[in-house]
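Remarks on the overall topology
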Amino acid sequence: MAPAQPRSSASSSSFPRERRIRRRAEFVRIQNGGHRVSTRHLLFLVAAPTEGAAHGGVPRGTKSAAAPVPSRAPRLGLVASRKVGGAVARNRAKRLLREAFRRFPELFPERVDIVVILRTGAGSLGLDDVLAELRGVVPVLRRRAKEALTAAPRARTEVMAERSASDPPAPAPDQTGPTDPTDPTDPTDPTDS
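Residues numbered from 1 in each chain as written. Predicted model: local features only at pLDDT ≥ 70, side-chain atom pairs only at ≥ 80, totals over all residues. Heavy atoms only, no water.

Under the criterion given, the structure shown has 1 aromatic pair. Seen from their ring centres, Phe101 and Phe108 are 4.9 Å apart, and the 75 degrees between their planes marks the pair as edge-to-face. On the accessibility criterion, Phe101 (1% relative accessible area) is buried. Using a relative accessible area of 2% as the deciding quantity, one classes Phe108 as buried. Sitting over the face of the ring of Phe104, Arg135 holds its NZ or CZ atom 5.4 Å from the ring centroid. (Phe/Tyr/Trp six-rings, centres within 6.5 Å; stacked < 30°, edge-to-face > 60°. Buried < 20%, exposed > 50% of the residue type's maximum accessible area, 1.4 Å probe, protein only. Lys NZ or Arg CZ within 6 Å of the ring centre and 35° of its normal.)

Spelled out as structure tokens, the structure:
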């Protein structure tokens, strides 16, 4: 019996954690605010990454032995409901999309988060079918990615302005103003003698 060949984790066909969308909050954020691109069997949602994800950051509490992912690398998340088929069909369809993401990175726009929702019939697709649908929407995906990336800085600026307008100004730490006459711990209270 021949010895098993060790797997290389740094190969070009790897799919490191930093390239995956894994947390529910990220899926919800992208599904609520992502720019949509639709094909017959796939729905792509494209959104600008959050600050930590944009810098190739690793979530707290996780350790990654893989090399850091460049900040321009897109991240992928997959959603397949039971409408796609049974567990075998869903997992096969997701595997094909991950394979397309790994082997054909030029088809996916850079610096964005992409969630792909598989639709009914996606479980019966082959890799060539997935690539054909994907190649048909590459220009639209790139346009939506550009829209998402240009909208993201404006949205962050608006949120920061909204937060600063709603927060009352904090008093300076060395300010000593009039004290409350009803405060029992007030050292300037004349009735406290």
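What follows deals with helix α4 (residues 127–136). Those residues of α4 lying buried are Leu127, Val130, Leu131, Glu133 and Leu134. Considered in projection along α4, the buried side chains sweep an arc of 165 degrees and stay on one side of the axis. Structural note: α4 exposes Asp128, Ala132 and Gly136 on the side pointing more than 90 degrees away from its buried face. (Helix = DSSP H or I, 4+ residues; strand = E, 2+ residues; numbered from the N terminus. Arc of directions from axis to C-beta.)

This part covers the confidence of the model for the protein. On average, residues of the protein carry a pLDDT of 77, and 61% of them reach 70 or more. Highest mean pLDDT in the protein belongs to strand β4 (residues 113–118) (96); lowest belongs to helix α2 (residues 51–54) (57). Taken as a whole, residues 5–11 scores under 50 in pLDDT and shows 1 contact with residues more than four places along the chain or in a different chain. Ignoring residues within four places in sequence, the model shows residues 54–70, a span with pLDDT below 50, making 16 contacts including any to other chains. (pLDDT = per-residue confidence, 0-100. Contact = heavy atoms within 4.5 Å.)

This part covers the pairing of β4. The side chains of a regular strand alternate, residue by residue, between the two faces of the sheet. Counting buried positions along β4 gives 5 out of 6 residues, so the element sits mostly inside the fold. Examined bridge by bridge, strand β2 (residues 42–47) and β4 share 6 bridges and lie antiparallel to one another. When the bridges of β4 are listed, Leu42 appears paired with Leu118. Pairing between strand β3 (residues 75–80) and β4: 6 bridges, direction parallel. Residue pairing in the sheet places Val79 in a bridge with Ile117 of β4. Tracing the backbone out of β3, into helix α3 (residues 87–103) and back to the parallel element β4 gives a crossover that is left-handed. (Pairing = 2+ DSSP bridges. Right-handed = clockwise from strand over helix to strand, strands pointing away.)

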